[in-house]
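Each chain is listed here by its residues.
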Amino acid sequence: MADGVDSALASRLGFSMVYAMGRDIYVTQQPRQQGKNQIVCSKDTALLMKAIRNREVIGISFEDNEIIAKVLAAAREAEKPVVVNISCIFAPRVSERYRNIGRIRGLVRAAMIARCNITFISGAKSADYLLSTNQLVEIAMFLGMPEDKAKRALAIMGDCVDS
């Protein structure tokens, strides 16, 4: 979603700010030079390890929610959040939806065991698909996070972008 969200809608959803992908935050498959506020999404261990060391990368995401223990340990050490895109939970086909939920639950469980910071993004294609803070907290709890950690997970992305 590159359009952005007006402050009135963000407020109604319970956020002080909604970041737009492609404008405020960039999701890339490998770290870019001079690209601020990047989330690197990949299955490649070496690429994710390189991204964790990059200052301009604010978080890492696992393509297809594949768990890589070595990367989780490095992310915890570098204090980079593990970014979980929940848009795949709303897949139109039921079989895909159940598979995606299972994979995300496994990733959340592994990240919590590794004591990583976890944050959730809606991955909304437009403002019509955005979720409120309460909806995101409920989804995080459904995926296995305790309520207090789920609420904290929503603030992590703002902390990373604003710092």
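Counting from 1, residues in each chain are numbered in the order their sequence is written. Since the coordinates come from a predicted model, pLDDT governs what is reported: local features require at least 70, and pairs of side-chain atoms require 80 or more to be given and counted, while whole-chain, interface and lining totals use all residues. Hydrogens are left out, water is left out, and the side-chain values use all remaining heavy atoms of the structure.

1. Regarding the overall build of the protein
Part 1: Helix and strand assignments follow DSSP, with helices taken as H or I runs no shorter than four residues and strands as E runs no shorter than two, numbered in order from the N terminus. When helices and strands are counted, the protein shows 6 helices and 5 strands.
Part 2: Each helix (α) and strand (β) of the protein, taken in turn from the N terminus, gives the series α-β-β-α-β-α-β-α-β-α-α.
Part 3: Taking 163 residues into account, the globule formula puts the C-alpha radius of gyration at 15 Å, and the protein, at 15 Å, falls close to it.
Part 4: For the protein, the spread of C-alpha atoms along the three principal axes comes to 40 × 40 × 30 Å.
Part 5: The buried label applies to any residue whose accessible area, calculated with a 1.4 Å probe on protein chains only, is under 20% of its type's maximum; exposed applies above 50%, and partly exposed to all values in between. When each of the 163 residues of the protein is scored for burial, the buried share is 49%. We compute the radius of gyration from the C-alpha atoms alone; for a globule the expected value is 2.2 Å times N to the 0.38, where N is the number of residues.

2. Some points on the confidence of the model for the protein
Part 1: Values of pLDDT, the confidence the predictor places in each residue, fall between 0 and 100. On average, residues of the protein score 91 in pLDDT, and 97% of them reach the 70 mark or higher.
Part 2: Taken element by element, the predicted model of the protein shows its lowest mean pLDDT in helix α6 (residues 147-162) (87) and its highest in helix α3 (residues 69-78) (97).

3. Points about the pairing of strand β3 (residues 57-62)
Part 1: Burial analysis of β3 places 6 of its 6 residues in the buried class, which makes it a mostly covered element.
Part 2: Pairing between strands requires that DSSP locate at least two bridges from one strand to the other. Both strand β2 (residues 38-42) and β3 contribute to a ladder of 5 bridges, which runs parallel. Following the sheet pairing, Val40 is matched in β3 by Ile60.
Part 3: Between β2 and its parallel partner β3, the chain crosses via helix α2 (residues 45-53), and the hand of that crossover is right-handed. The handedness rule is simple: strands pointing away from the viewer, and a clockwise path from the first strand over the helix to the second, make the crossover right-handed.

4. Focus on the nonpolar core
Part 1: Counting 36 residues, the largest nonpolar core has Phe62, Ile86, Phe120 and Leu143 as the members making the most contacts within it.
Part 2: At the level of secondary structure, the elements contributing two or more residues to this core comprise α2, β3, α3, β4 (82-85), α4 (94-113), β5 (118-121), α5 (133-142) and α6.
Part 3: When residues of this core are assigned to their parent elements, the largest contribution, 6 residues, is made by α4.
Part 4: In this analysis, two residues are considered to be in contact whenever any of their non-hydrogen atoms come within 4.5 Å of each other. Apart from the residues lying within four places of it in its own chain, the contact partners of Phe120 are Val84, Ile86, Val108, Ala140, Leu143, Met145 and Ala153.
Part 5: What makes a nonpolar core is a set of buried Ala, Val, Leu, Ile, Met, Phe, Trp, Tyr and Cys residues whose side-chain atoms join them at distances within 4.5 Å. Among the nonpolar cores identified, the runner-up in size contains 9 residues, and Ile25, Ile121, Met157 and Cys160 belong to it.

5. Regarding the side chain of Ser42
Part 1: In this structure, Ser42 sits in strand β2.
Part 2: What makes Ser42 buried here is its relative accessible area of 7%.
Part 3: A distance of 3.0 Å separates a polar side-chain atom of Ser42 from the backbone nitrogen of Asp44. Pairs of N or O atoms are called polar contacts if they sit within 3.5 Å, as long as, within protein, a hydrogen donor faces a hydrogen acceptor (for residues adjacent in sequence, only side-chain-to-side-chain pairs).

6. Some words on the side chain of Thr28
Part 1: Topologically, Thr28 is positioned in strand β1 (residues 26-28).
Part 2: On the basis of relative accessibility, which here comes to 10%, the residue Thr28 falls in the buried class.
Part 3: A polar contact of 3.0 Å, which involves the side chain of Thr28, links it to the backbone oxygen of Gln30.
Part 4: Those residues in contact with Thr28 that sit more than four places away from it in its chain are Gln38, Ile39, Val40 and Cys41.

7. Remarks on α5
Part 1: Among the residues making up α5, those that are buried are Thr133, Leu136, Val137, Ile139 and Ala140. Angular distribution of buried residues about the axis of α5 spans 160°; they occupy a single face of the element. Across α5 from its buried face, at more than 90 degrees, point the exposed residues Asn134 and Glu138.
Part 2: At its buried positions, α5 is contacted by α1 (7-13), β5 and α6. Arc, as used here, means the arc of the directions from the helix axis to the C-beta atoms.

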